[in-house]
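Residues per chain are reported as follows:
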Amino acid sequence: MKKIFLLAGFICFQLSFAQSILDLGLYNMELQGMKPVKVNEEMKKIGITRIPFNTEDTTLISKIAGSDIAARIKSLYMLPYEDPKDDINDGGVYIYQFNTKTDLEEYLKQNFEQSNYRVLVKDNFFIKIWSDYSRHIKGKETSEDHLDKMEKYYLNLGAERIELKPDESIIDYTVSQ
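Every value quoted in this text rests on a predicted model; they were computed, and no experiment measured them.

The next thing to look at is the side chain of S143. Checked against the element boundaries, S143 lands in helix α5 (residues 143–156). Among the polar contacts listed, one links the side chain of S143 to the backbone oxygen of S131, at a separation of 3.4 Å.

P52 follows I51 through a cis peptide bond whose omega is 0°. Positionally, P52 belongs in the loop between α2 (41–46) and β2 (53–55). Of note, N28 is a non-glycine position whose phi angle comes to about 55°, a positive value. When you line up the elements, N28 lands in the loop between α1 (2–17) and β1 (35–36). Taking relative accessible area as the criterion, N28 reaches 83% and is therefore assigned exposed. Positioned with a positive phi, D123 is a non-glycine residue whose angle comes to about 55°. Secondary-structure assignment places D123 in the loop between β6 (117–122) and β7 (125–131).

If a probe as big as a water molecule is rolled over the atoms, it shows which places are left empty. Approximately 260 Å³ is the volume attributed to the largest pocket. For the largest pocket, the lining is made up of 14 residues, of which V37, M43, P80, D90 and Y94 are closest to its centre. Contributions of two or more residues to the lining of the largest pocket are made by α2, α3 (58–65), β3 (73–83) and β4 (86–98). It is β3 that provides the largest number of residues to the lining of the largest pocket, a total of four residues. Split into classes, the residues belonging to the lining of the largest pocket amount to ten nonpolar, one polar and three charged.

Ranked by internal contacts, the top residues of the largest apolar core, which has 46 residues, are L26, V93, I95, Y96, I127 and Y154. Mapped onto this core, the elements with two or more residues apiece are α3, β3, β4, α4 (101–109), β6, β7 and α5.

The next subject is the pattern of salt bridges. Throughout the structure, instances matching the rule amount to nine salt bridges. For E151, the salt bridge is made with R161, and the minimal N-O distance between the two is 3.5 Å. With E151 in helix α5 and R161 in strand β8 (residues 160–162), the pair connects residues that are ten residues apart, well separated along the chain. In this structure R161 comes out as partly exposed when scored by relative accessible area, which is 31%. Here the salt bridges share partners, and the residues they tie into one network are R118, E144, D148, E151, R161 and E163.

For the rest of this paragraph, the subject is the environment of I61. The topology assignment puts I61 in helix α3. On the basis of relative accessible area, I61 is assigned to the buried category, the value being 0%. Taking the C-alpha atoms as reference points, I61 and A71, separated by ten residues in sequence, lie 8.6 Å from one another. The contacts of I61, once residues within four sequence positions are left out, are T55, E56, G66, A70, I73, K74, S75 and L76.

What follows is about the packing of aromatic side chains. Scanning all chains against the criterion turns up seven aromatic pairs. The interplanar angle of 40° and the centroid separation of 5.3 Å between the aromatic rings of F98 and Y107 together place this pair among those described as tilted. You'll find F98 and Y107 in the same group, each marked buried. Residues Y107 and F126 carry aromatic rings whose centres are separated by 5.0 Å and whose planes lie at 85° to one another, so their mutual orientation is edge-to-face. Taken together, the positions of Y107 in helix α4 and F126 in strand β7 put the pair 19 residues apart, joining distant regions of the chain. Given a relative accessible area of 11%, Y107 falls into the buried group. Between K128 and the ring centre of Y117, over which it is positioned, the NZ or CZ distance is 4.3 Å.

Here is what the cut-offs are and how they apply
- Chains are numbered independently. Their residues run from 1 in the order of the written sequence.
- Side-chain atom pairs in this predicted model are given and counted only at pLDDT of 80 or more, local residue features only at pLDDT of at least 70, and totals for whole chains, interfaces and linings cover all residues.
- Hydrogens and water are ignored here; the side-chain numbers use all heavy atoms of the structure.
- Note on conventions: DSSP H or I runs of at least 4 residues are helices, E runs of at least 2 residues are strands, and numbering of each starts at the N terminus.
- The definition of a polar contact used here is a pair of N or O atoms within 3.5 Å, where within protein one atom must be able to donate a hydrogen and the other to accept one, and adjacent residues in sequence count solely through side-chain atom pairs.
- For every residue, the accessible area obtained with a 1.4 Å probe (protein chains only) is divided by the maximum for its type, and the residue is called buried under 20%, exposed over 50%, and partly exposed between those limits.
- Cavities and pockets are defined on a 1 Å grid built over the protein atoms alone: a cavity is a set of grid points where a 1.4 Å probe fits but cannot escape, while a pocket is an open set with protein on both sides within 12 Å along at least five of seven lines, and lining residues are those with an atom within 4 Å of any such point.
- Grid points are joined across faces, edges and corners, and a volume is the space filled by probe spheres set on the points.
- Three residue categories are used. Nonpolar comprises Ala, Val, Leu, Ile, Met, Phe, Trp, Tyr, Cys and Pro, charged comprises Asp, Glu, Lys and Arg, and polar comprises the others, including Gly.
- We call a set of buried residues a nonpolar core when its members are Ala, Val, Leu, Ile, Met, Phe, Trp, Tyr or Cys and they connect through side-chain atoms within 4.5 Å of each other.
- The term salt bridge refers to a side-chain nitrogen of Lys or Arg lying within 4 Å of a carboxyl oxygen of Asp or Glu.
- Note on contacts: a residue pair is in contact if any heavy atoms of the two residues lie within 4.5 Å.
- Any Phe, Tyr or Trp ring, taking Trp's six-membered ring, that has another such ring centre within 6.5 Å forms a pair; planes under 30 degrees apart are called stacked, those over 60 apart edge-to-face, and the others tilted.
- The criterion is that NZ of a Lys, or CZ of an Arg, lies within 6 Å of the ring centre and within 35 degrees of the ring normal, and then a charge sits over that ring.

Set out below in structure tokens:
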């Protein structure tokens, strides 16, 4: 009987410290100039029924994150934003909860740094925030403002920003005259 109580206590202790992907959901965040995306027909066809979207279905994860990593992802959360007046501007967050820390580390090795997004990690969670809001109007937020705001949100939740390897496929060159 004592062993059963110890086992039940251990399980309760583990569950109280296990974090759900929804604990990292982007709540009450405003990105000036953008609104959360409305579910369209294309999204409905692949199984996205609401925004924000969360799933543990590997078939859906494969369609969204890619079939090459779907088996290593336990759950996926996404909250994309768009500029309702302009199809080009978008932003938001994707969070992948990997099955193991090793799966997360392997995925990080495959990714490159880009100026329009930032990557944060917390435990087995990969958090990618991005903004392609290109307007630079005095008094209005920019992509950098959006990224700073979302990064601060996740840092306050205990995430840590990481720098990925540089994208070496981008070549800088100078034209001589």
